[in-house]
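The lines below spell out each chain.
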Amino acid sequence: MMVFSPDAKVAEQQMHAVIFYLTTFGYIDGNFDLSEKTFVREHIKVLVEARVDAAKKGLEASLRGELVNKYSRHFNEVFDQIDHQVRDLFTEAVSDGEDQSAFVRAKLKLRCYEIFKGFDEDNQRWILATVDEFIQADGVVHDAEALFRRELGELLNAEVAVDADDLDQATAPVAIEPPAKIEPRLPNHPFFERFEHHYSADKEVIQKQAAADLDLITRHMAKLDEQRSAGAGKLLGKHSAADFAPGTQLLDEHVYVVNPKPGQKYEIIVLGDLHGCYSCLKAALLQADFFNKVQAFKKEPDKHPDVKLVLLGDYIDRGRFSYNGVLRTIMQLFLSVPEHVFALRGNHEYYLELNGRIYGGVRPAEAINTLVGYMPDEMFASYMRLFEALPNMLIFDKTLFVHAGIPRDDTLHEKFTDLASLNDADIRFQMLWSDPSEADLIPGELQKTSARFPFGRLQFKSFLSKIGCNLMLRGHEKIEEGFKTVYDDGHHVLINLFSAGGKTNDDLPADSNYRNVRPMAAVLHHVDGETKVHPFEIDYAKYQDPATNKFFAAEPEIEHKS
Ligand SMILES: [Mn+2]
C-alpha cells in the first residue's frame, strides 16, 4: 500500500502525480470511459482514506468520514482539471501526416517522465508501485496498458547526457521587467488603412485583390533574395554573432545574424504567434510606436535607438484575418523598412503540394480552407513559395529568436558543426516544432515520438552555448499568460511569448480557446551586451472598432472555415 509523505506539500504533489498517472492509463487504451472514471474516483477515495488514517490514527468515525469526504471532493476536482488538460491535448495542432493519438500518447509519456524526474528515489519507486497496483486492480491488464507501462519503465531508466564542455557558465546579463500597460502615442496610423479590406466573394473582385497580394509576395521574395545574395556563405566556420565585425547584419540562406555596434542602443520589438489576430499586430505596433521610432532613427541615427521588429511566425490560421490582415501587413512592413523587420517562419507557414494541389501542413488550416473555391488556386502555390523563402531565425548578439525550439540531440550530433549548420533542412524543421520540458534531459526515444517533440533544460543550455547565445525568445506554445520565463538559471534564459488571443477579440471565432490567452508582446532594450526585457499587454480591444480598424466597418463576405 502507498505511503504518503508527512509533509503536506509533498503529499499533495504525490496525489496530483498519482491522479495524472491514473488518468493517463485511463486514456491509453483509446477512450477513457465512465466505468474507468468511476474506478479512478473510487481509487482516489481509497488513497484519501489511507492518507487520513496514516496522519490521524484512531479518529472518531464521523470525523474521519468528514475528512475523507472533504479531501475526496478536493481531489475529484483535481482529477476533473487533469482530465480536462488531457482532453485538451487532443485539440492541439499536429503536423500533417501525424496521428493525433500518437501525439497525445507522446505528450502523456512526457508528462509522466517529467513528474517522475521531479521526485526523489523513494517517491519514484512509490509511484510506479501505485500504477502497477492500479492497472491490475480490475483483474485484467490490457495490452495497451502493459505496453505503455513497459515503455515508460525503459524511458525512466534511459541514460541521457549532454557534453559538459558546452555548458558555458558565463552569467547572462538579462533583466526581465514585470508586464506593463502601454498606451499608443497615436490611436491610428495611415500606414494601415490602405490594406484593411475583406476579401470579396465576387470572382472578379477577389482576382484583383489576389493580384495585389501576389505582387507583395513577389517583391517580398525578391527583397529576401537580395539580402541572401549579400550574405551567402558567411556563416561557414562561424560560431557566434561575435565572430562578425561589429555592426554586421546579414542573412545567409535562412539565418539572420546581427552583431550590434558598440555604444549603439537597440530597441527590439518582439511578437509571438499572431494567428490571424490583426488587431493584436496593429495594437502592438502602435503601442511600441514602431513607425515613429524607425523614422527618428533614420533621420538621426546617432541620437536614437536602432529599432528592430522581430516576428516569431505563425501569422495564419485560427483567427479570421490571416492572409489579408496579418500576412499582408507584415509583407508591407518588411518592404517599407527591410533593415528593421525580421519576419520569421512558424510551423503554420508550411504548405505541401500533392498531385498539383496545395494543402496546409498543420490541421486545421483555416486560412486555406476558408478561401478554397474563392481565391485563384495558384495563389496557394505562391503562399507556399513565400513560406519556403521565409528565414527561420535571427541571432542578435547573444539572443536567439526562433518560432519554437532547438533540434533533437541525435540530429545535432550528426549535423551540427558551426552556424552554417543551422541552415540544414532537418534542423530548421525541428526548430519550427519543439517545446521545452520541465525535465533536465529528454531521452532520444521521447524526442523521436512526434514532430512536436520536447527538449530539456540542459539540452537547451548546451545548444545555446554551441551558438554563442544565452537568451532565447520563442512563441509556438499557447500560454494563457502570454509571456512566460520558462528557464532562468542566471546563465541561460528562455522566454515564451504569445501575441494572439483576448477574451473579447472578435478577430477570433467566438468559440476559439485562443480567447483564454492574454496576448502579450515585448520590447528588448539592448546596449553593449546588456539586455532588458519589457513585456507589455497588447491592447487589441482598441482595434475592434470601425473608427480604428476598417475590417470592422463591414461583415466579411466569405465565411471563416475550420
Ligand atoms: Mn506554432
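Per chain, residues are indexed from 1 in the order of the written sequence. Local features are withheld for residues below a pLDDT of 70 in this predicted model, meaning they are given only at 70 or higher, and side-chain atom pairs are given and counted only at 80 or more; totals for whole chains, interfaces and linings count all residues.

**Q** Lay out the overall build of the protein chain in plain terms, naming residues and giving numbers.
**A** Strands here are runs of E lasting at least two residues and helices are runs of H or I lasting at least four, both read from the DSSP assignment and numbered beginning at the N terminus. A count of helical and extended segments in the protein chain gives 17 helices and 19 strands. Only C-alpha atoms enter the radius of gyration; for comparison, a globular chain is expected to reach 2.2 Å times N to the power 0.38, where N is the number of residues. In terms of overall dimensions, the protein chain is globule-like: its C-alpha atoms have a radius of gyration of 26 Å, near the 24 Å expected for 562 residues. Taken along the three principal axes of its C-alpha coordinates, the protein chain extends 80 × 55 × 50 Å. A buried classification covers 43% of the 562 residues belonging to the protein chain. The exposure label follows from counting other C-beta atoms within 10 Å of a residue's C-beta, where the C-beta atoms are placed from the backbone and the thresholds are 20 or more for buried and 12 or fewer for exposed, leaving partly exposed in between.

**Q** So what about helix H9 (residues 278-287)? Which residues, and what values?
**A** Of all 10 residues making up H9, 10 are buried, and the element is well covered by its neighbours. Of the residues making up H9, those classed as buried are Tyr278, Ser279, Cys280, Leu281, Lys282, Ala283, Ala284, Leu285, Leu286 and Gln287. By definition, residue pairs are in contact when their C-beta atoms, positioned from the backbone, come within 7 Å. On its buried side, H9 packs onto helix H7 (190-193), strand S5 (266-271), helix H10 (290-299), helix H11 (322-336), strand S18 (520-527) and strand S19 (530-537). Positioned one or two residues after H9, Asp289 has a phi angle of 60°, which is positive.

**Q** Which residues make up the sheet that holds S5, and what values go with them?
**A** In short, DSSP must find at least two bridges between two strands for them to pair. Strand order across the open sheet formed by six strands is S2-S19-S18-S5-S6-S7, with mixed pairing between neighbours. Edge positions in the sheet fall to strand S2 (174-176) and strand S7 (341-343), since each of these pairs with one other strand and no more. The average undirected angle you get between the axes of adjacent strands in this sheet is 20°. Judged from the eight bridges that link them, S18 and S19 form a sheet pairing that is antiparallel. Paired with Ala522 across the two strands is Pro535, which belongs to S19. In the packing of H10 onto the sheet, the strands contacted are S5 and strand S6 (306-311), and the crossing angle to S6 comes to about 140°. Angles run from 0 to 180 degrees between N-to-C directions of axes, and those axes are lines fitted to C-alpha atoms, restricted for helices to the stretch in contact.

**Q** Let's hear about the domain arrangement of the protein chain: which residues, and what values?
**A** For the protein chain, the assigned domains read domain 1 (8-157) and domain 2 (174-553). What fixes the domain bounds is an automatic or database domain assignment. Placing the centre of domain 1 and that of domain 2 at their C-alpha centroids yields a distance of 38 Å. Facing 14 residues of domain 1, the contacting portion of domain 2 comprises 18 residues. Tallying contributions element by element places helix H4 (residues 100-118) first for the side of domain 1 that touches domain 2, with eight residues. Gly falls in the polar group here, along with every residue not listed as nonpolar (Ala, Val, Leu, Ile, Met, Phe, Trp, Tyr, Cys, Pro) or charged (Asp, Glu, Lys, Arg). Residue composition of the side of domain 1 that touches domain 2, grouped by class: eight nonpolar, one polar and five charged.

**Q** An account of the nonpolar core is requested, with residue identities and associated values reported.
**A** Counting residues in each nonpolar core, the largest one holds 143 residues, and the members touching the most others are Val270, Leu344, Met393, Leu394 and Phe401. Among the elements that take part in this core, helix H1 (residues 8-27) stands out by supplying nine residues, more than any other. Each of domain 1 (8-157) and domain 2 (174-553) contributes no fewer than three residues to this core. In contact with Leu394, not counting residues within four places along its chain, are Tyr256, Val258, Val310, Phe342, Leu344 and Phe401. We call a set of buried Ala, Val, Leu, Ile, Met, Phe, Trp, Tyr and Cys residues a nonpolar core when their C-beta atoms link them within 7 Å.

**Q** So what's going on with the pairing of strand S15 (residues 471-474)? Residues and values would help.
**A** Alternating residues of S15 divide into Leu471 and Leu473 and Met472 and Arg474, and every residue in both groups is buried. Here strand S12 (residues 399-402) runs beside S15; their pairing, made up of three bridges, is parallel. Bridging from a neighbouring strand, Leu400 pairs with Met472 of S15. Sheet analysis places S15 next to strand S17 (residues 493-497), joined by four bridges and oriented parallel. Bridge pairing in S17 places Leu471 opposite Val493.

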